[in-house]
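# Structural features, examined
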Amino acid sequence: QRCIPNWITLSGTCAGFLLGAMTLGYMGIIQSLAGWILGFFPFYLVFRKKGIGAGDVKLMAMVGTLGGVKILMLSYLYTSLIGFFMACYILFRAGQIRNGFLKSLQLFLRLFGVSYKPVLSPESEATLTIPYGAAIAAGSYIAYFTMIK
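How each quantity is defined
Residues numbered from 1 in each chain as written. Predicted model: local features only at pLDDT ≥ 70, side-chain atom pairs only at ≥ 80, totals over all residues. Heavy atoms only, no water. Helix = DSSP H or I, 4+ residues; strand = E, 2+ residues; numbered from the N terminus. Buried < 20%, exposed > 50% of the residue type's maximum accessible area, 1.4 Å probe, protein only. Contact = heavy atoms within 4.5 Å. Areas by Shrake-Rupley, 256 points an atom, 1.4 Å probe, with all protein chains shown as cover. Phe/Tyr/Trp six-rings, centres within 6.5 Å; stacked < 30°, edge-to-face > 60°. 1 Å grid on protein atoms, 1.4 Å probe; cavity = no way out; pocket = protein on both sides within 12 Å on 5 of 7 lines; lining within 4 Å. Points joined across faces, edges and corners; volume = space filled by probe spheres on them. Nonpolar A, V, L, I, M, F, W, Y, C, P; charged D, E, K, R; others polar. Expected span 1.5 Å × (residues − 1). Axes fitted to C-alpha atoms, helices over the stretch in contact; angles between N-to-C directions. Parallel < 35°, antiparallel > 145°, perpendicular 65-115°, else oblique. Left-handed = near helix turned anticlockwise from the far one by under 90°.

Counting secondary structure elements, the protein chain contains five helices and zero strands. When the elements of the protein chain are put in sequence order from the N terminus, they spell out α-α-α-α-α. Counting over 149 residues, the protein chain shows a buried share of 32%. For the protein chain, long-range pairs separated by at least 24 residues make up 66% of all intrachain contacts whose partners lie at least 6 apart in sequence. Working note: accessible area of the protein chain is about 9500 Å², and carbon and sulfur atoms make up 71% of it.

Structure, rendered in structure tokens:
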């Protein structure tokens, strides 16, 4: 079972607030809070629709707290690209490209309250997931080192 331990996300989040306070004082705490909010809530909406796990939500909130809004926005971009390629690879290996597309469309429409039940091929009974925490970690790493140039 894939799981992002709470001690990692909680300690990273606390470190983000502490570093923000130590480097920029009150404004650092505000920037960390803004990063946490923008990291948490978009992923929380997807979590509520069963699109990602709770650990992914907490990990992205931690990234926002540690890196601030600028690094978080780049992290979203790189995480999305890495996650997309990971998903394509996993779906291709399992022979479920069509089913993956239809399930992604279903999740997207659910975010807007639209009910859609796709007709899937029989092999779609096996649930495929991607380790999105790895995509978040890699995307955030790239974002951080892109920003500090």
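A word on the packing of aromatic side chains. Two aromatic rings, taken as a pair, are described by how far apart their centres are and by the angle between their planes. By the definition in use, this model includes 11 aromatic pairs. Between Trp-36 and Phe-41, the aromatic rings sit 6.3 Å apart at their centres with planes inclined by 90°, giving edge-to-face as the arrangement. The class of Trp-36 is partly exposed, set by a relative accessible area of 25%. We classify Phe-41 as partly exposed; its relative accessible area is 42%. Counting every residue linked through ring pairs, the aromatic cluster contains Trp-36, Phe-40, Phe-41, Tyr-44 and Phe-47.

Taken as a whole, the largest pocket spans an internal volume of roughly 1600 Å³. Around the largest pocket, the lining is made up of 48 residues, and of these Gly-51, Ile-52, Leu-107, Leu-128 and Ile-130 lie nearest the centre. Counting residues per element, the ones that place at least two in the lining of the largest pocket are helix H2 (26-48), helix H3 (54-94), helix H4 (97-111) and helix H5 (132-147). When residues of the lining of the largest pocket are assigned to their parent elements, the largest contribution, 13 residues, is made by H3. In the lining of the largest pocket, the residues fall into 25 nonpolar, 15 polar and eight charged. By volume, the second largest pocket is sized at about 220 Å³. Counting only elements with at least two residues in the lining of the second largest pocket, the list comes to helix H1 (6-24), H2 and H3. Top element by residues in the lining of the second largest pocket is H1. It accounts for five residues. The residue makeup of the lining of the second largest pocket, split by class, is three nonpolar, nine polar and no charged.

The next thing to look at is H2. The terminal C-alpha atoms of H2, which comprises 23 residues, lie 32 Å apart, in line with the 33 Å expected from a rise of 1.5 Å per residue. Considered for burial, the residues of H2 that qualify are Gly-28, Ser-32, Gly-35, Gly-39, Phe-40 and Phe-43. Along its buried surface, H2 packs onto H1, H3 and H5. Lys-50 sits one or two residues past H2 and shows a positive phi near 65°.

Bringing the environment of Leu-18 into the picture now. Within the fold, Leu-18 resides in helix H1. Distance from Leu-18 to Phe-101, taken between C-alpha atoms, is 42 Å for residues 83 residues apart in sequence.

Right, let's get into the packing of H1 against H3. Contact geometry of H1 with H3 gives a least axis separation of 8 Å together with a crossing angle of 20°. Taken together, the axes of H1 and H3 lie roughly parallel to each other. Between H1 and H3 the crossing geometry is left-handed. Of H3, the residues touching H1 (which contributes Asn-6, Ile-8, Thr-9, Gly-12, Thr-13, Ala-15, Gly-16, Phe-17 and Leu-19) are Gly-55, Lys-58, Leu-59, Met-62, Thr-65 and Leu-66. Its residues assigned to classes, the contact of H1 with H3 shows seven nonpolar, seven polar and one charged.

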